Amino acid sequence: MSQSDATLRIELQFSGGMELLFDNQKTIHAKVPAFFPLDTSAEDKHAATIRDLISWTASNLLKERPELFIGTDGSVRSGILVLVNGADWELEGELEYELEDRDEIVFISTLHGG
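Not measured: the values here are computed from a predicted model.

(A) Layout of the overall build of the chain. Summing up its helical and strand segments, the chain has 1 helix and 7 strands in all. Overall, the chain shows an N-to-C arrangement of helices and strands of β-β-β-β-α-β-β-β. For 114 residues, the compact-globule estimate of 2.2 N^0.38 gives 13 Å, and the chain sits close to it at 14 Å. If one aligns the C-alpha atoms of the chain with their principal axes, the spans along those axes are about 50 × 30 × 25 Å. For the chain, with 114 residues in total, the buried portion stands at 38%.

Take a look at the structure:
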């Protein structure tokens, strides 16, 4: 299998209202490219990170209101907690965490109307 064909099985979970942006799906089992950027030659690619996952998720799975999910810096918007396999992503390297097959990534919105 070439780098361009390699994928990771990632379980994405959305809660706290985040699921509304993803067609009311609380869990999505996604096959994510294992290497990015997608449009470069093999020697220019790097292992997929959460930064890549956020962009890929916004482009491929997000159904509406991208401004409520992704910020201008390519990270998630302020007020969204991210967990990597049950741990706060700050403990895992945040945007630079390299994804592994069967990772569970959870996005939780802490912003609520009232």
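(B) Structural view of the sheet that holds strand β6 (residues 87-88). Taken in spatial order, the 5 strands line up as β2-β1-β7-β5-β6 in an open sheet, and their pairing is mixed. Each of the sheet's edge strands pairs with one partner strand only, and the pair in question is β2 (27-33) and β6. As defined by bridge partners, strand β1 (residues 7-15) adjoins β2 across 7 bridges and the pair is classed as antiparallel. When the bridges of β2 are listed, Glu11 appears paired with His29. Strand contacts of helix α1 (residues 50-60): β1, β2, β5 (80-84) and β7 (104-109), with the helix running at about 115 degrees to β2, the strand carrying the most contacts.

(C) Structural context of unusual backbone geometry. A cis amide bond links Phe36 with the next residue in sequence, Pro37, at an omega value of -10 degrees. The residue Pro37 is located in the loop between β3 (35-36) and β4 (46-47) in this model. One non-glycine residue, Asn85, lies in the positive phi region at around 50 degrees. If you trace the backbone, Asn85 turns up in the loop between β5 and β6. Classification of Asn85 as partly exposed rests on a relative accessible area of 43%.

(D) Structural context of the pattern of salt bridges. Following the criterion strictly, the structure yields 3 salt bridges and no others. Put simply, Arg51 and Glu96 hold a salt bridge, and the shortest N to O gap is 2.7 Å. On the criterion of sequence distance, the pair formed by Arg51 in helix α1 and Glu96 in the loop between β6 and β7 is long-range, its members being 45 residues apart.

(E) Region of interest: the environment of Thr27. With respect to the element layout, Thr27 can be found in strand β2. The sequence separation of Thr27 and Leu12 amounts to 15 residues, and the corresponding C-alpha distance is 5.6 Å. If sequence neighbours within four positions are ignored, Thr27 has contacts with Glu11, Leu12 and Gln13.

(F) Quick look at the nonpolar core. Counting residues in each nonpolar core, the largest one holds 32 residues, and the members touching the most others are Leu12, Phe22, Phe69, Leu99, Ile105 and Phe107. Of all elements in the fold, only β1, β2, α1, β5 and β7 reach the threshold of two or more residues within this core. A total of 5 residues in this core trace back to one element, the largest contributor, which is α1. Ignoring sequence-local partners within four residues, the contact set of Phe107 consists of Leu12, Gln13, Phe14, Ser15, Met18, Ile54, Phe69, Val76, Ile80, Leu81 and Val82.

The rules behind these values
- Residues numbered from 1 in each chain as written.
- Predicted model: local features only at pLDDT ≥ 70, side-chain atom pairs only at ≥ 80, totals over all residues.
- Heavy atoms only, no water.
- Helix = DSSP H or I, 4+ residues; strand = E, 2+ residues; numbered from the N terminus.
- Rg over C-alpha atoms; globule rule 2.2 N^0.38 Å.
- Buried < 20%, exposed > 50% of the residue type's maximum accessible area, 1.4 Å probe, protein only.
- Pairing = 2+ DSSP bridges.
- Contact = heavy atoms within 4.5 Å.
- Axes fitted to C-alpha atoms, helices over the stretch in contact; angles between N-to-C directions.
- Salt bridge = Lys/Arg side-chain N within 4 Å of Asp/Glu carboxyl O.
- Core = buried A, V, L, I, M, F, W, Y, C linked by side-chain atoms within 4.5 Å.

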